[in-house]
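Geometric and topological summary
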Amino acid sequence: MQISTKTILLAALALASSPAAAQELDAVTFATNWLAQAEHGGYYQAIADGTYEEYGLDVTVMQGGPQSPGRPMLVSGGVQFYMGGASGAINAVKEEIPTITLAAIFQKDPQILMSHPGQFESFPELAGASKYILGADGFTSYFSWMKTEWPEFVEEKYEPYQFNPASFLADDMAIQQGYLTSEPLSIEREAGFAPDVWLLADQGYTPYSTTIEAMKPWVDENPDIAKRFVEASIIGWYNYLYGDNAAANELIKADNPEMTDDQIAYGIAKMKEYGIVVSGDAETQGIGCMTDARWAEFYDKMVEVGVYEAGLDITTAYTTEYVCQGLGMDLM
């Protein structure tokens, strides 16, 4: 029996439109820097509402935690994307590791200092605290910046942070490091008072945070996948912050059973209140925006305080190709 060209064409069209013939999704893994939480909400949102799938992606979120292997896995090719930050990206340049930052979801680093209510009226006055309870990383990074900006901060008052608030709670004149979206709520629950919060980003400490980082050789080979992941993640963040995020929050709690609804709600509220995701360039050019000027400003500031050596080509640490295009702003 002879089959007409028309029959063949109709059969091909039917096959092409069938679910079985749908385009195969590109599978990628995104490693986060901590256990699942509201601060990762946009990625879970993009999974929950099908945004990643719409962009042709099958995304697995690999949550981090203490001693998380996320960055080593990125370098070794075990994951395609990593939740990084400006400091890590600049360190990679120094170490000649070819990572590249594709987007900065957090315009402001959520790092804070906390003080007892009403003890200090301005950030420089924190220098008069009885002790500065800081982690080792903070002592070598943002504290170096603090004592350069305000010489009243002195190393003699440094006390290593032991990951519990006992020392802070016992001394009304102490200050302690924290994360905007978590430690203040923990203090309020444990001690019955809300500490005064000092966001370092609002005092001039300006690294990009919660970035999307990849290996440059992989991006060079897979630019379309990289572009789709960044764009879908941006859409996910708009929908998480300004849309129905219930399904995303259920995924967060499934990955991290210790996470609670009130902690998630607190995290979302603080991200909005302080402009962690939407502020600065992101207000006019969209979530994830990065600029050469902002990267250079942070690097120069850290060179001045002795954290980094001068002469690094930090333009190799990032690309602005996928961001600052206003994507998703209509979802606010």
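Here is a short report on the structure shown in this document. (Residues numbered from 1 in each chain as written. Predicted model: local features only at pLDDT ≥ 70, side-chain atom pairs only at ≥ 80, totals over all residues. Heavy atoms only, no water.)

**As for the overall build of the chain**
Inclusion rule: Strands are runs of DSSP state E lasting at least 2 residues, helices are runs of H or I lasting at least 4, and numbering of each runs from the N terminus. Throughout, exposure labels follow a simple rule: accessible area from a 1.4 Å probe, protein chains only, divided by the maximum for the residue type, with under 20% read as buried, over 50% as exposed, and the rest as partly exposed. Residue contacts are defined here by distance: any two heavy atoms, one from each residue, within 4.5 Å place the two residues in contact. We get accessible surface area from the Shrake-Rupley algorithm with a probe of 1.4 Å; when it comes to residues, only the shown protein chains can shield them. For the purpose of charge, His is not counted, nor are the chain termini; Lys and Arg are scored as positive and Asp and Glu as negative. For charged residues, the charge sits on one atom: NZ in Lys, CZ in Arg, CG in Asp, CD in Glu.
Tallying secondary structure elements over the chain gives 15 helices and ten strands in all. Its C-alpha atoms give the chain principal-axis dimensions of roughly 95 × 45 × 35 Å. A total of 332 residues make up the chain; the buried ones form 50% of that total. At a minimum sequence separation of 6, the contacts of the chain that also span at least 24 residues come to 81%. Total accessible area on the chain is roughly 15200 Å²; 52% of this is exposed by carbon and sulfur atoms. Between the mean site of the 16 positive side-chain charges and the mean site of the 47 negative ones, the chain shows a separation of 2 Å.

**Digging into the sheet that holds strand S1 (residues 26-31)**
Selection rule: Two strands qualify as a pair provided DSSP detects at least 2 bridges between them. Only the stretch in contact is used when fitting a helix axis, every axis being a line fitted to C-alpha atoms; angles between N-to-C directions are given from 0 to 180 degrees.
Read across the open sheet, the five strands follow the order S2-S1-S3-S10-S4; overall the sheet is mixed. Strands at the two margins of the open sheet, each flanked by one partner only, are strand S2 (57-62) and strand S4 (99-106). Neighbouring strand axes in the sheet, compared pairwise and without regard to direction, differ in orientation by 30° on average. In terms of strand pairing, strand S3 (residues 81-85) meets strand S10 (residues 209-215) through four bridges, oriented antiparallel. Each bridged residue has a counterpart across the sheet, and for Gly-85 the counterpart in S10 is Ser-209. Along the sheet, helix H5 (residues 86-94) contacts S3, S4 and S10; its crossing angle with S3, the most-contacted strand, is approximately 100°.

**Regarding H5**
For clarity, the threshold we go by: Within this analysis, the arc is defined by the directions that extend from the helix axis to the C-beta atoms.
Of all the positions in H5, only Ala-86, Ala-89, Ile-90, Ala-92 and Val-93 are classed as buried. Taken end-on, H5 shows its buried residues confined to a sector of 150°, consistent with a single buried face. In this fold, the buried residues of H5 make contact with helix H4 (70-76), S3, S4, S10 and helix H15 (292-304).

**Concerning the state of the cysteines**
Basically, it comes down to this: Only a pair of cysteine sulfur atoms within 2.5 Å counts as a disulfide in this structure description.
Within this structure, the stated rule accounts for one disulfide. The disulfide partner of Cys-289 is Cys-324, and the S-S distance across this bridge is 2.1 Å. Sign of the S-S torsion, about 100° for the bond between Cys-289 and Cys-324, identifies this disulfide as right-handed. Taken together, the residues span a long stretch of sequence, with Cys-289 in the loop between helix H14 (281-285) and H15 and Cys-324 in the segment after H15 at a distance of 35 residues. Residue classification places Cys-289 among the buried residues on the basis of a relative accessible area of 0%.

**A word on the sheet that holds strand S9 (residues 196-199)**
Read across the sheet, five strands follow the order S7-S6-S8-S5-S9 without closing on themselves; strand pairing throughout is mixed. In the strand order of this sheet, the two ends are held by strand S7 (158-160) and S9, each with one partner. Along the sheet, successive strands turn relative to each other by an average axial angle of 35°, direction set aside.

**Regarding the packing of aromatic side chains**
Convention followed: Two aromatic rings from Phe, Tyr or Trp, using only the six-membered ring of Trp, form a pair when their centres are within 6.5 Å; if the ring planes differ by under 30 degrees the pair is stacked, by over 60 it is edge-to-face, and anything between is tilted. When the NZ atom of lysine or the CZ atom of arginine is within 6 Å of a ring's centre and also within 35 degrees of its normal, the charge is said to sit over that ring.
Counted under the stated rule, the structure contains 25 aromatic pairs. Pairing Tyr-132 with Phe-143 gives two aromatic rings, centres 5.7 Å apart and planes at 45°, and the pair type is tilted. Of the two residues, Tyr-132 is situated in strand S6 (residues 132-134) and Phe-143 in helix H7 (residues 142-149); the sequence distance between them amounts to eleven residues. The pair formed by Tyr-132 and Phe-143 is uniform in burial state, with each residue classed as buried. When the ring centre of Tyr-208 is taken as reference, the NZ or CZ atom of Arg-294 above it lies at 4.2 Å.

**Considering the pattern of salt bridges**
To keep it simple, the criterion reads: Each reported salt bridge corresponds to a side-chain nitrogen of Lys or Arg within 4 Å of a carboxyl oxygen of Asp or Glu.
Counted according to the given criterion, the structure contains 13 salt bridges. Ionic pairing is found between Glu-155 and Lys-147, a salt bridge with its closest N-O pair at 2.1 Å. Judged by relative accessible area, which is 42%, Glu-155 ranks as partly exposed. Connected via shared salt-bridge partners are Asp-26, Asp-224 and Arg-228.

**Re a negative patch on the surface**
Note the threshold: Each patch groups residues whose relative accessible area exceeds 30% and which form no salt bridge, using 9 Å between like charges and 5 Å between nonpolar side chains of Val, Leu, Ile, Met, Phe, Trp and Tyr.
A surface patch of negative charge is lined by Asp-49, Glu-53, Glu-54 and Asp-58. Positionally, Asp-58 belongs in strand S2.

**Quick notes on the pairing of strand S8 (residues 175-179)**
Looking along a regular strand, one sees side chains alternate from face to face of the sheet. Most of S8 is tucked away, with four of its five residues classed as buried. Pairing of strand S5 (residues 111-115) with S8, which is carried by five bridges, proceeds in the antiparallel orientation. Note on S8: the bridge partner recorded for Gln-111 is Tyr-179.

**As for the nonpolar core**
Filter applied, for reference: Here, the term nonpolar core denotes a set of buried Ala, Val, Leu, Ile, Met, Phe, Trp, Tyr and Cys residues that are joined through side-chain atoms within 4.5 Å.
Of all hydrophobic cores here, the largest spans 54 residues; its most connected members are Leu-102 and Trp-237. The dominant element in this core, judged by the number of residues it contributes, is helix H11 (residues 223-242), at ten residues. What Trp-237 contacts, discounting residues up to four positions off in sequence, is Ala-38, Glu-39, His-40, Gly-41, Gly-42, Tyr-43, Ile-105, Phe-106, Met-271, Val-277 and Ile-287. Val-93, Trp-150, Tyr-308 and Leu-312 belong to the second largest nonpolar core, which has 36 residues in total.

**A look at the side chain of Ser-182**
Note the threshold: Within 3.5 Å is the distance limit for a polar contact, defined as a pair of N or O atoms, with the added protein rule that one can donate a hydrogen and the other accept it, and that residues adjacent in sequence qualify only through two side-chain atoms.
With respect to the helices and strands, Ser-182 occurs in the loop between S8 and helix H9 (183-191). Reaching out from Ser-182, the side chain makes a polar contact with the side chain of Glu-183 at a distance of 2.7 Å. Ignoring anything within four residues of it in the chain, the contact list for Ser-182 reads Gln-263 and Tyr-266.

Purely geometric numbers; function is a separate question.
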